[in-house]
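Architecture and fold: a report
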Amino acid sequence: MGAGIAHAFLLAGCEVVVVERDAATADTAADRIRQGISRSIDRSVTTRDSAALHRALHVGDDIAAFEGCDLVIEAVPENRVLKAAALARIEAAAPGAVLASNTSSISITDLAAALTAPDRFLGLHFFNPVPTSSIVEIVASMATDPAIVERAREWVTMIEKTPIVVRDSPGFASSRLGVALALEAIRMLDSGVASAEDIDRAMELGYRHPMGPLRTTDIVGLDVRLDIAEELHATLGDRFAPPALLRRLVAEGKLGRKSGEGFYKWETP
């Protein structure tokens, strides 16, 4: 997700700083972003000069590099403790920046508790894959300054995506609805109602969804879906209890497209 977010802002003409946990991860992220830029140029998605795009990208493992940034988006794994710690470190490194979390389900209000300036913090929930998605969910807590929400709208529009603004609540709007559909589809598959292909086809052809819930879960990552379901189960109750099939596949390392297998078989990246 971080690489995709960086890609989107680069194409919009921004200087982009990416900070990873170590040098090896930073090198991997830089390669992934550069490959994405090359694909965008090859497909005529952008007319920007390749050399200029590469010059605008700065990747490393020193959080001090965030100093002077206008906006810093946290995109670490969907873990409440990990995100809170990352955000506190970012705020210390870039005290003048607007901070955002790419969380899919964790309360923005809860994450803001670790910050000294919760009014400059909000959620920016991007969708996977970021370069081709058309929406960003802006999540405002009671503490978020309305002027920051308006700046977020401008940033989202600048990267040619549609902003929707939601109140901070479990799962916001998109994750809550998307996960509810995905979990029921997994239960149906587990109980033999239909194959994965036919469950997805029912939603694609019957309800005009561009992609069925099981294939979408493979692309999002079964581990990510499980983390979100666990969060929603804890806050909203048993209707979001993760199905046993989802737990088993994650335990087996079948995480979807990124691992080569989930509900479908995939060619590994």
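Above this text you will find the structure in question.
Throughout what follows, the structure given in this document is the object of discussion. Just so you know, these numbers come straight off a predicted model, no measurement behind them.

This model, assessed by the stated rule, comprises one cavity of 30 Å³ or more. Volume-wise, the largest cavity comes out at about 40 Å³. In this structure, the largest cavity is lined by Glu91, Pro95, Ala97, Leu99, Leu115, Ala117, Arg120 and Phe121. The residue inventory of the lining of the largest cavity, partitioned by class, reads six nonpolar, no polar and two charged.

With that settled, consider unusual backbone geometry. Looking along the chain, the bond that leaves Asn128 and enters Pro129 is cis, with omega of 0°. One non-glycine residue, Phe172, adopts positive backbone phi at about 55°. On the basis of relative accessibility, which here comes to 5%, the residue Phe172 falls in the buried class. Within the chain, Arg208 stands out as a residue other than glycine whose phi angle is a positive 60°. Judged by relative accessible area, Arg208 falls into the exposed class, the value being 76%.

Quick look at the packing of helix H7 (residues 174-190) against helix H8 (residues 196-206) now. Axis angle and axis distance: for two packed helices, these are the angle between their axes and the distance between the axes, and together they describe the pair. Two numbers describe how H7 lies on H8: the axes approach to 10 Å, and their chain directions differ by 140°. The orientation of H7 with respect to H8, classified from their angle, is oblique. As H7 packs across H8, the resulting crossing turns out to be right-handed. Between H7, through Leu181, Ala185, Met188 and Leu189, and H8, the contact on the second element is made entirely by Ala196, Ile199 and Met203.

Thresholds applied
- Residues numbered from 1 in each chain as written.
- Predicted model: local features only at pLDDT ≥ 70, side-chain atom pairs only at ≥ 80, totals over all residues.
- Heavy atoms only, no water.
- 1 Å grid on protein atoms, 1.4 Å probe; cavity = no way out; pocket = protein on both sides within 12 Å on 5 of 7 lines; lining within 4 Å.
- Points joined across faces, edges and corners; volume = space filled by probe spheres on them.
- Nonpolar A, V, L, I, M, F, W, Y, C, P; charged D, E, K, R; others polar.
- Buried < 20%, exposed > 50% of the residue type's maximum accessible area, 1.4 Å probe, protein only.
- Axes fitted to C-alpha atoms, helices over the stretch in contact; angles between N-to-C directions.
- Helix = DSSP H or I, 4+ residues; strand = E, 2+ residues; numbered from the N terminus.
- Parallel < 35°, antiparallel > 145°, perpendicular 65-115°, else oblique.
- Left-handed = near helix turned anticlockwise from the far one by under 90°.
- Contact = heavy atoms within 4.5 Å.

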